[in-house]
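Reading the structure
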Amino acid sequence: LAGRQAHGELFLWTDDGRPTAVLSLYRWTAPDKSVHEHHEFCSLAGSPLATSGPENRKWSPKTAGLTMAPLPGAPPPADSPRQRLSQMRELAERFSGEKTTREEQETRELRLLTQPVERYASMRNDVLDGALFALVEHTDPEIFLILEARPSAGKVQWHFACVRMNSLRLAVSLDGKEVWQAEQ
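Residues numbered from 1 in each chain as written. Predicted model: local features only at pLDDT ≥ 70, side-chain atom pairs only at ≥ 80, totals over all residues. Heavy atoms only, no water.

**A few points about the pattern of salt bridges**
- Enumeration over the complete set of coordinates arrives at 13 salt bridges.
- Note that Arg108 is salt-bridged to Glu106, the shortest N-O span being 3.7 Å.
- For Glu106, a relative accessible area of 38% corresponds to the partly exposed category.
- A single network of salt bridges, built from pairs that share partners, joins Lys99, Glu106, Arg108, Glu137 and Glu142. (Salt bridge = Lys/Arg side-chain N within 4 Å of Asp/Glu carboxyl O. Buried < 20%, exposed > 50% of the residue type's maximum accessible area, 1.4 Å probe, protein only.)

Here it is in structure tokens:
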């Protein structure tokens, strides 16, 4: 981005193996050489979170960070973990994402990272198998896509959810139809 340099890290917290919260810390240098630091927190929990830190620092979202929904048109989860990973990659490719910039109001397509950021299972959280995928601009995660094989209506089915990692307008489509959006 025209003279800007950015360097960052991504941190993930889990509950019995299932991703619960994510933090992106990054610094970027503007063309005028001024350095800026950004922190992006996101709950991946299905219920409110309560956290604490040194010097009475707290981050406690009062609502769930995401809502899982059945994934339309998904095949039943395969029997083996290797086959389910292939399924999750194929299912993730059905999704596309975009963000709208603040200044120019330009809509930019996001790129799916086909290698999950995290792969997990959690019997306590009713997850047979799951993966956290990122929709990115360059290498910066803007949206996380969660895919999970979980029980529903007496059988195991694929479910999905999206969570934002940016304050801009974001949207996700499944097979070309918008299924999620977050306003600026």
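Back to the text.
**Observations regarding helix H1 (residues 81–92)**
- Between its first and last C-alpha, H1 extends 16 Å over twelve residues, near the 16 Å set by a 1.5 Å rise per residue.
- Turning to H1, its buried residues number three or more, namely Arg84, Leu85, Gln87, Met88, Leu91 and Ala92. Buried residues in H1, looked at end-on, bunch into an arc of 160 degrees, giving them a common side. In H1, the exposed positions angled more than 90 degrees off the buried face are occupied by Arg82 and Glu90.
- Where H1 is buried, its residues touch strand E5 (95–100), strand E6 (107–112), strand E7 (118–122), strand E8 (127–137), strand E9 (140–152) and strand E10 (155–164). (Helix = DSSP H or I, 4+ residues; strand = E, 2+ residues; numbered from the N terminus. Expected span 1.5 Å × (residues − 1). Arc of directions from axis to C-beta. Contact = heavy atoms within 4.5 Å.)

**As for the pairing of strand E2 (residues 18–29)**
- Most of E2 is tucked away, with ten of its twelve residues classed as buried.
- The pairing of strand E1 (residues 5–15) with E2 spans eleven bridges and is antiparallel. Paired with Ala6 across the bridge in E2 is Trp28.
- Linking E1 back to E2 in an antiparallel pair, the connection comprises two residues, with Asp16 at a positive phi of about 50 degrees.
- Of the pairings in the sheet, the one linking E2 to strand E3 (residues 35–43) comprises nine bridges and is antiparallel in character. Its bridge partner lying in E3, Tyr26 is registered against His38. (Pairing = 2+ DSSP bridges.)

**Looking at the packing of aromatic side chains**
- Applying the stated criterion across every chain yields a total of one aromatic pair.
- Centroid distance Phe95 to Phe160: 5.3 Å. Interplanar angle 50 degrees. Geometry classified as tilted. Of this pair, Phe95 sits in strand E5 while Phe160 sits in strand E10, and the two are 65 residues apart along the sequence.
- Exposure remark for Phe95: the relative accessible area of 5% places this residue in the buried category.
- Take Phe160: its relative accessible area is 9%, and that puts it in the buried class. (Phe/Tyr/Trp six-rings, centres within 6.5 Å; stacked < 30°, edge-to-face > 60°.)

**Details of the environment of Leu112**
- Of note, Leu112 is situated in strand E6.
- For the pair Leu112 and Thr139, spaced 27 residues apart in sequence, the C-alpha to C-alpha distance is 10.0 Å.

**Some thoughts on the nonpolar core**
- Residues Leu71, Phe95, Phe133, Ile143, Leu145 and Leu147 are the most contacted members of the largest nonpolar core, which totals 22 residues.
- The element that contributes the greatest number of residues to this core is E9, accounting for four residues.
- Judged by nonpolar contacts, the second largest core, of 15 residues, contains Val22, Leu44, Ala161 and Met165. (Core = buried A, V, L, I, M, F, W, Y, C linked by side-chain atoms within 4.5 Å.)

**Focus on the state of the cysteines**
- Applying the stated criterion across every chain, the model contains zero disulfides.
- Unpaired in terms of disulfides, Cys42 finds its nearest cysteine sulfur in Cys162, a separation of 11 Å.
- Using a relative accessible area of 7% as the deciding quantity, one classes Cys42 as buried.
- Residue Cys162 is classed as buried on the basis of its relative accessible area, which comes to 6%. (Disulfide = S-S within 2.5 Å.)

Function-wise, these values are silent; they only describe arrangement.
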